[in-house]
Amino acid sequence: MRLRITIALLAVISLLPSMASASTPQTFLTLNSQPGDYIGQGITQTFTPADGTFLVSNTSDSVSISFNTATYSQFWSLDFGSPTTVKFGDGEYDQAQRTAFRSPTRSGIDVNGDGRGCNTDTGRFLVSDFALNPDGTIARLAIDFEQHCEGATPALYGSFRYNSAVAA
């Protein structure tokens, strides 16, 4: 019996360093594009503040994220919205449409970059960390998403973290 407890305790202790590093707030954007996805061009890439500048903004029912390198050789824009009658916050958002043109009862998604965008978007996203500063600006944000451009099957998957300790 002591051997089982010791082994279990050693397993938990061995996980502690990785759990500690996962609790460090991070800011990054990861894009994982399937072959045939027009927006991501079938590649996987990750951007951090060392690569360029992130800006985040919000309204009561949406958040906007932008990233660009210093020379604008790479630039991305991400917009996510809740149904217009629902305050944006933690949760799952399914049946998303292009944010600017979504039905008031639907969530919104629009990820575009490097000069490529969609006329119609469909997808879904999960907000697992969302907190505001006292002045109403975004303090923390964690979003994982799936977007399909122009009704195509290939997807663009991604994760965005802003001062968030939530693992991708």
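The following refers to the structure shown.

**Examining the overall build of the protein chain**
Here is step 1: Broken down by element type, the protein chain carries one helix and 10 strands.
Here is step 2: Reading the protein chain from its N terminus to its C terminus gives the helix and strand order α-β-β-β-β-β-β-β-β-β-β.
Here is step 3: Every one of the 168 residues in the protein chain was classed for burial, and the buried ones make up 39%.
Here is step 4: Contacts in the protein chain between residues far apart in sequence, at least 24 positions, make up 51% of those at least 6 positions apart.
Here is step 5: When the accessible surface of the protein chain is totalled, it reaches about 9100 Å², and 58% of it is carbon and sulfur.

**Some thoughts on unusual backbone geometry**
Here is step 1: A positive phi angle, near 55 degrees, is found at glutamate 150, a position not held by glycine.
Here is step 2: By relative accessible area, glutamate 150 is classed as partly exposed at 42%.
Here is step 3: The phi angle at asparagine 163 is positive, at roughly 50 degrees, despite the residue not being glycine.
Here is step 4: Inspection of the secondary structure puts asparagine 163 in strand β10 (residues 156–164).

**Considerations on the sheet that holds strand β8 (residues 121–132)**
Strand pairing in a sheet takes place through backbone hydrogen bonds and is either antiparallel or parallel in direction.
Here is step 1: Reading across the sheet, the 10 strands line up as β2-β1-β10-β9-β8-β6-β7-β5-β4-β3 and stay open at both edges, with mixed pairing between neighbours. Among the strands making up the open sheet, the edge pair consists of β2 (44–47) and β3 (53–59). Averaged over all pairs of adjacent strands, the angle between strand axes in this sheet comes to 15 degrees, irrespective of strand direction.
Here is step 2: Judged from the seven bridges that link them, strand β9 (residues 138–149) and β10 form a sheet pairing that is antiparallel. Following the sheet pairing, phenylalanine 145 is matched in β10 by glycine 158.

**Remarks on the side chain of arginine 116**
Here is step 1: Considering the arrangement of structural elements, one finds arginine 116 in the loop between β7 (108–113) and β8.
Here is step 2: One buried charged side chain, arginine 116, makes no salt bridge at all; its nearest oppositely charged neighbour is aspartate 114, positioned 4.1 Å away.
Here is step 3: A distance of 3.2 Å separates a polar side-chain atom of arginine 116 from the backbone oxygen of tyrosine 38.
Here is step 4: Setting aside residues no more than four positions away along its own chain, arginine 116 makes contact with Tyr38, Ile39, Gln41 and Trp76.

About the criteria used
- Residues numbered from 1 in each chain as written.
- Predicted model: local features only at pLDDT ≥ 70, side-chain atom pairs only at ≥ 80, totals over all residues.
- Heavy atoms only, no water.
- Helix = DSSP H or I, 4+ residues; strand = E, 2+ residues; numbered from the N terminus.
- Buried < 20%, exposed > 50% of the residue type's maximum accessible area, 1.4 Å probe, protein only.
- Contact = heavy atoms within 4.5 Å.
- Areas by Shrake-Rupley, 256 points an atom, 1.4 Å probe, with all protein chains shown as cover.
- Pairing = 2+ DSSP bridges.
- Axes fitted to C-alpha atoms, helices over the stretch in contact; angles between N-to-C directions.
- Lys, Arg positive; Asp, Glu negative; His and termini not counted.
- Salt bridge = Lys/Arg side-chain N within 4 Å of Asp/Glu carboxyl O.
- Polar contact = N/O pair within 3.5 Å; in protein donor to acceptor, adjacent residues only side chain to side chain.

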